[in-house]
Amino acid sequence: MRDDVSVVVPCAKLLSKMSGSQASELKELERNYEELLDENCRVFASYFKQVLENSNDSGLIIVTPPSVVLRKIEKVGGLHFDSEIESSLDKHLNNSSYSSSDSDAEATDEQKNIRMASLEPRQRQIRKQKQPIFVESSCSPDHLIMADADNPPGIGKHTPPKDFVCPITTHIFDDPVTLETGQTYERRAIQEWIERGNSSCPITRQKLSSTKLPKTNYVLKRLIASWQEQNPGGLDLSHSEPMSKSIVPSNSPNSVISQATIDGTITELKHAITSLCMSEILNESEMAVLQIERCWLEASMELDIQIMLSKPAVINGFVEILFNSVDPRVLEATIFLLSELGSRDKSVIHTLTRVESDVERIVALFKKGLLEAVVLIDLLRPSTRTLIEMDMMESLMTVIKKKEEDFLKMCLKPKSVSVLLLGQMIGDSEESIVSSIANTIVSSKVFESVISSLEAEWAEERIAAVGILLRCMQEDGKCRNSIADKAELAPVMESFMAASDGERFEIVCFLSELVKLNRRTFNEQILHIIKDEGTYSSMHTLLVYLQTANHDQCPVVAGLLLQLDLLAEPRKMSIYREEAIDTLISCLRNSDYPAAQLAAAKTIVSLQGRFTTSGKSLTRAMLLKRAGVGKSYKNLTRTEQIGNICGEDDDTSEEEKAADDWERKMALVLVSHDFGLLFEALEEGLNSRFAELYSACFESATWLIYMLNFLPDTGIFGAARVSLLKRFISAFKSANDIDDRALSLLALNSFAQDPQGLRDINIHMKDIMKGLRELRKYSPLAFEMVKVLSNGHDSSADFWNHRELVHVDSSENGKVLSIACFRDKIFSGHSDGTIKVWTGRGSILHLIQQIREHTKAVTGLAILQSGEMLYSGSLDKTARVRSNDSFTYAIFIQVVD
C-alpha cells in the first residue's frame, strides 16, 4: 500500500515555463474545478436539507448519502502530471486567482518552454504531509519587517526573510526591482520573463502598463546588505527545505500607477512619479521632485495625492534623491515632501526607518544647513542617545534662533520640533551632558528665543520649553531675570491641567525657580501673575495636585502654594496655608523619605525671601551679617554682586521694606502654625546624621528663632525654647566652624531676651563664656552677650574692650611659653628651646634673630631695666644669662647648672 505523499512544485517556476495558451488552459481547468465544487455543494446541500426535514417528521425515513461528483484531467497544454500533482496545482491556482495570459508566443517558444519545464523534477516526496507546499512569493516593500516566526521552520534564525528572496529564482535578491503591481523580482529573472513575450506580472497576472523595468529598489537592497552583515552565515532559501504551508500571494495595494480619476493635475503627477521612480537620469528625477512639490502645493485633492505619494516605491525615489542630488532647491523640496507625507502617514516613516543610513543622511543634510530637515528628524523619533551622538546641538540652536518666516510653511514648524528635540536631550540625558547643554544655551542666548515657545499653540512645545528654561536657571541662575521679564505664564498654567504628573512637577519647579529673583517687589509681581492669570484658579489647582503628588514633589508644591497664599495679609484661617505648612512639617518628620525631608528643609530656608542674582538663598549670609560676622556676607557680595540685590539706587528703601515685610509675614505664619509645631520638626531634623539636612534645619531654626524678637508675643517663645534651646547650646559648645558658632550665638541671644530662656542659659554659663572668648575676635555680638549674661555690668566685660593689632603664627617652634619686652623689641621663648627676637613697626612684627641654646622648652624670660642682661630658664634644668649691647649680636657669657 502506497504511503501518503505530497510533492513540492515551485509555482512561480512552473508559471515561468508556460506559454500564453498553456496559461489559458490552466484558467479553463480552474473554471472546471470551480464548477465541480459548485455541483458537489448543491448535491450535499439537498442531502442535508432532507436529513433536517426527516428529523422533524414522526416517521422514520432513511436518506441515502449522495455520491461525490468526480472529474479527472490528465493533460494540461502538453505538460503531463500525475493526479496528485494536478490536484496540488489546481488548489494553488484556485487560491491565487490567476488571470489568463495575453501573450501570443510563437510555437517554437512554446516548445522551448515545454522542454525547459520537462527538466524540472517531477516529484519531491515528503512523508506524513498531505498538503502540497510552495515557495512563498515576494511581498511589496512595505511588508519587509518580519518576525523570526516568518522564517521557515527548521532552518534557524539566520535564514533570510522571505521578502529578501526572489519568487522566481528562489535566491536572495542581487538587483531587486518592484513592479507597479507591488511585487518584487530579481531584475534578470523578470527581464527574461518579459523577453519571452509575457506582459503581465508572474504572480498577480495583472497586465503591466509598461514593460520597461523600474530602477533598483535600493531600500530593499540596503536592507539585504544590512541583514547579510549581521548574519554572515545566513542561508539562502534555494538551498533549504521549503515552507510547511502554502501562503496565498496577495495583490499589494501599493501600486505605483494610481487608478484614480485622471484629470490634469493627477496626470501630471503620474508622469512625475513615473520619472522619479523609473528614470536613471538624475536630472530627470530632480525635475520630477520639483514638479511633485508644485502639484502638492497647488492641488485641491490633497488626500488623493497623499495616497499616491506615500507608496514605498515613491518614498524610495525620494530617498535616492537625498543620497545623490546636490541641488539645494531639490533637496529642500524632497525634505519638504517627506516631512509633509510623514506627518500624515506613519507608513512613510516606517519606510524611512528601515535603513539606518537613510536617517543618517537626513541628519547630515540638517547639519549642513538644510534646516527644514529637523521636522523629518523629529518624525523619525530618534532616541536621545542618537541625538547626542549625532551632535545636533548647534543646528538645533540655529533653528530656534531663526524667525518662523525664514522657513517653508510646513505642517510642523521647524522651530517647534527643534524645541521638542532640545527638550528631549535635556530631559533624558546624563547630568553632565545636561549641564553642558544648559550652559551652552545660556551662553549663546538661545534661551531668549526659547521663551517665546511658552506661548506656543502646541502644549507639548510649551512643556518642552519649560524644561529647557528650568535647567538653564538651575545651571546659571543669572538668566532668571530675563526669563521672568519676558515669559508669558498664563499659557504655562493652562498646560498644567492636561499635563502628566512628571510634566506638572516640572512646571511647578519652573515657577518656583522663577520667583527666586534678586528683587522682592519683582518676585511678588511674578507671584501675582501666577495666582491671577489663567482660566483656572492656580491655587486650587496646586492644592489638588499637592494632595496627590509624590512625597519627593510635595515640598516644592507646598512652598509655591504658601507663597501664593501669603500675597494677601495673613488671615486667621486659610485652607491653602494650612495644607502647605502641614505638608512641609509632615515631609520634614518622615525619615522614610530622606529626599523629601531635605527638600522640605531647603524650601523653608528659601521662604525667607532674599536671593542672589543667581537665585541662591541669602538666608545664611543675612543671619551671619546679623550675628556680626560680616566676612562671609562681604565675600558673597563680591562674587554674586549683591549690591544690585539690595538695590543701591533710588529703589533701595522700597526693596528693603518689601523684603522685611515679606520675611516678617512668612515667619509669622510658619511659627504660629499649630502653636509652634514646626520647631518640633526642626528639632528632629537637627538629630539627623545627614550633614546637608542638619545644615538646612539649623539655618531654618536660627532664622525663625531670630524672627521671634520681631513678632507679636503669642507664647511661641516657650515652644521654641523647649524644642531647640539645648540643641543650640550644644551646637555653640561643639561647633568647630566659626560661622556655625556665630549662628548659634545669634539664636542664644534671642533666647536670652526671654527671662526663662536666660535662666536656662545661665546654667551653662561656664561653657558659654569659654566660647564667647573665642568669638571675641569675630563678632561684636559676643561682647553684647557677655553684658547680657553679667546682668548689664560693664566691668565684667572690660577685658573684652580691645582690638587685635598683630597676629603672628609661630607654631613651627611649638607653643609660646614665655615673653618679655624691652623698648621696641619683643623676646619669645618656645617649647622647642628656641628664643626669638622681634621688632615691632606699626602693625607688623619682623623677626630679627632666633637662637636655640636650650634643649627643652624655654619657660621664662626676663630683662634688666637697663636692658643689659637677658635671663632665660628652661625645662632642661639650665638658666642662661645673655649679655647684650645691641640685642642683635648677643652671646651667652655664663651657664648655671
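Being a predicted model, the structure only gives us computed values, none of them experimental.

Student: Describe the pattern of salt bridges, and please don't skip the residues or the numbers.
Tutor: Taken as a whole, this structure holds 33 salt bridges when the rule is applied. Glu332 is paired through a salt bridge with Arg329; the nearest N and O atoms lie 3.5 Å apart. Placement of the pair is Glu332 and Arg329 together in helix α11 (residues 328-344), with a separation of 3 residues, close to one helical turn. Across the pair Glu692 and Lys602 runs a salt bridge whose closest N-O atoms are separated by 2.7 Å.

Student: Could you give an account of the packing of helix α36 (residues 738-751) against helix α38 (residues 765-775), naming the residues involved and the relevant values?
Tutor: At a minimum axis separation of 11 Å, α36 and α38 run at an interaxial angle of 125 degrees. Taken as axis vectors, α36 and α38 run oblique relative to one another. When you trace α36 past α38, the crossing you get is left-handed. Only Gly771, Leu772, Glu774 and Leu775 of α38 make contact with α36, whose side of the interface consists of Ile738, Arg741 and Leu745. Per-class residue counts for the contact of α36 with α38 are 4 nonpolar, 1 polar and 2 charged.

Student: So what's going on with the confidence of the model for the chain? Residues and values would help.
Tutor: This prediction gives the chain a mean pLDDT of 78; 75% of its residues lie at or above 70. Across residues 1-13, where pLDDT falls below 50, the model places 36 contacts with residues more than four positions away in sequence or in other chains. Note that residues 72-157 has pLDDT below 50 and, in this model, 178 contacts with residues that lie over four places away or in other chains.

Student: Can you tell me about the side chain of Ser279, naming the residues and giving the values?
Tutor: Among the structural elements, Ser279 can be located in the loop between α7 (264-278) and α8 (282-298). A polar atom in the side chain of Ser279 sits 2.6 Å from the side chain of Glu284.

Student: How would you summarise the packing of aromatic side chains if you had to cite specific residues and measurements?
Tutor: Going through the model one piece at a time under the given rule, you end up with 6 aromatic pairs. Aromatic side chains Phe698 and Phe728 sit 5.5 Å apart centroid to centroid with 35 degrees between the ring planes, which places their arrangement in the tilted category. In this pair, Phe698 is assigned in helix α34 (residues 691-707) and Phe728 in helix α35 (residues 716-734), connecting sequence segments 30 residues apart. Phe728 gets classed as buried once you look at its relative accessible area, which sits at 1%. Summarising the aromatic geometry, the rings of Phe728 and Phe751 are spaced 6.5 Å apart at their centres and angled 55 degrees between planes, so their arrangement reads as tilted. Here Phe728 is found in helix α35, whereas its partner Phe751 is found in helix α36, with 23 residues between them in sequence.

Student: Can you lay out helix α25 (residues 538-546) for me, pointing to particular residues and giving the numbers?
Tutor: Buried residues dominate α25, accounting for 7 of its 9 residues. Inspection of α25 places Ser538, Met539, Thr541, Leu542, Leu543, Tyr545 and Leu546 among the buried residues, and these make up the whole buried set. On its buried face, α25 sits against α22 (490-498), α23 (501-514), α24 (520-532), α26 (554-565) and α27 (575-589).

Student: Give me the lowdown on a negative patch on the surface, citing residues and values where you can.
Tutor: Among the surface-exposed residues, Glu455, Glu488, Asp532 and Glu533 lie close enough to one another that they form a single negatively charged patch. Among the structural elements, Glu533 can be located in the loop between α24 and α25.

Student: Before we move on, can you summarise unusual backbone geometry with the specific residues and values?
Tutor: In this model, Asp674 sits at a positive phi of 50 degrees, which is unusual for a non-glycine residue. Relative to the assigned elements, Asp674 resides in the loop between α32 (652-672) and α33 (677-686). Look at Lys877: it is not a glycine, yet its phi comes out positive at around 70 degrees. You can see Lys877 is positioned in the loop between β12 (869-874) and β13 (879-883). By relative accessible area, Lys877 is classed as exposed at 74%.

Student: Give me the pairing of strand β7 (residues 816-822): which residues, what numbers.
Tutor: Relative to strand β8 (residues 825-830), β7 runs antiparallel, the two sharing 6 bridges. Counterpart to Cys821 in the pairing with β8 is Ile826. Between β7 and β8, which pair antiparallel and follow one another directly, the connecting turn spans 2 residues, one of which, Arg823, has a positive phi of 55 degrees.

Student: Tell me what's going on with α36, and back it up with residues and numbers.
Tutor: Spanning 14 residues, α36 covers 20 Å between terminal C-alpha atoms, matching the ideal 20 Å at 1.5 Å per step. When α36 is considered as a whole, its buried residues turn out to be Asp739, Arg741, Ala742, Leu743, Ser744, Leu745, Leu746, Ala747, Leu748, Asn749, Ser750 and Phe751. N-capping of α36 is provided by Asp737, with a side-chain oxygen placed 3.1 Å from the backbone N of Asp739.

Student: Describe the packing of α27 against helix α28 (residues 594-606), listing the residues and the values that go with them.
Tutor: One way to put it is that α27 packs onto α28 with a least axis distance of 7 Å and a crossing angle of 135 degrees. Relative to α28, the element α27 lies oblique. Our pair here, α27 against α28, has a crossing hand that is left-handed. Residues Leu584, Cys587, Leu588 and Arg589 of α27 lie in contact with α28, whose contacting residues are Ala596, Gln597, Ala600, Ala601, Thr603 and Ile604. Classifying every residue of the contact of α27 with α28 by side-chain character gives 7 nonpolar, 2 polar and 1 charged.

Calculation notes
- Counting starts from 1 at the beginning of each chain's written sequence and moves along it residue by residue.
- Per-residue local features are limited, in this predicted model, to residues with pLDDT of at least 70; the limit for side-chain atom pairs, both in listing and counting, is 80 or more; totals at the level of whole chains, interfaces and linings are taken over all residues.
- Only hydrogens and water are removed before side-chain values are computed, so all heavy atoms of the structure are retained for them.
- Basic side-chain nitrogens of Lys or Arg form a salt bridge, by our definition, when they fall within 4 Å of a carboxyl oxygen of Asp or Glu.
- Strands are runs of DSSP state E lasting at least 2 residues, helices are runs of H or I lasting at least 4, and numbering of each runs from the N terminus.
- Axis definition: a line fitted to C-alpha atoms, limited for helices to the stretch in contact. Angles are taken between N-to-C directions and run from 0 to 180 degrees.
- In these notes the angle categories are as follows: under 35 degrees is roughly parallel, over 145 is roughly antiparallel, 65 to 115 is roughly perpendicular, and the rest is oblique.
- For a crossing to be left-handed, the near helix must be turned anticlockwise from the far one by less than a right angle; the clockwise case is right-handed.
- Contacts are residue-level and defined by heavy atoms, with any inter-residue pair within 4.5 Å sufficient.
- Residues are grouped as follows: Ala, Val, Leu, Ile, Met, Phe, Trp, Tyr, Cys and Pro are nonpolar; Asp, Glu, Lys and Arg are charged; every other residue, Gly included, is polar.
- As a per-residue measure, pLDDT tells how confident the predictor is, with possible values from 0 to 100.
- What qualifies as a polar contact is a pair of N or O atoms within 3.5 Å, subject to a donor-acceptor requirement within protein and to the restriction that residues adjacent in sequence count only when both atoms come from side chains.
- In summary, the pairing rule links any two rings of Phe, Tyr or Trp, Trp by its six-membered ring, whose centres are within 6.5 Å, and it sorts them by plane angle into stacked for under 30 degrees, edge-to-face for over 60 and tilted for everything else.
- Using a 1.4 Å probe on the protein chains alone, a residue whose accessible area is under 20% of its type maximum counts as buried, one over 50% counts as exposed, and one in between counts as partly exposed.
- Excluding any residue in a salt bridge, patches collect residues exceeding 30% relative accessible area, merging like charges within 9 Å and nonpolar Val, Leu, Ile, Met, Phe, Trp and Tyr side chains within 5 Å.
- The method behind every accessible area is Shrake-Rupley, applied with a 1.4 Å probe, and residues are considered shielded solely by the protein chains displayed.
- Only four residue types enter the tally: Lys and Arg on the positive side, Asp and Glu on the negative side; His and the chain ends are excluded.
- The atom standing in for a charge is NZ when the residue is Lys, CZ when it is Arg, CG when it is Asp and CD when it is Glu.
- At least two DSSP bridges between two strands are required for those strands to pair.
- An expected span of 1.5 Å times one less than the residue number is assigned to each helix.

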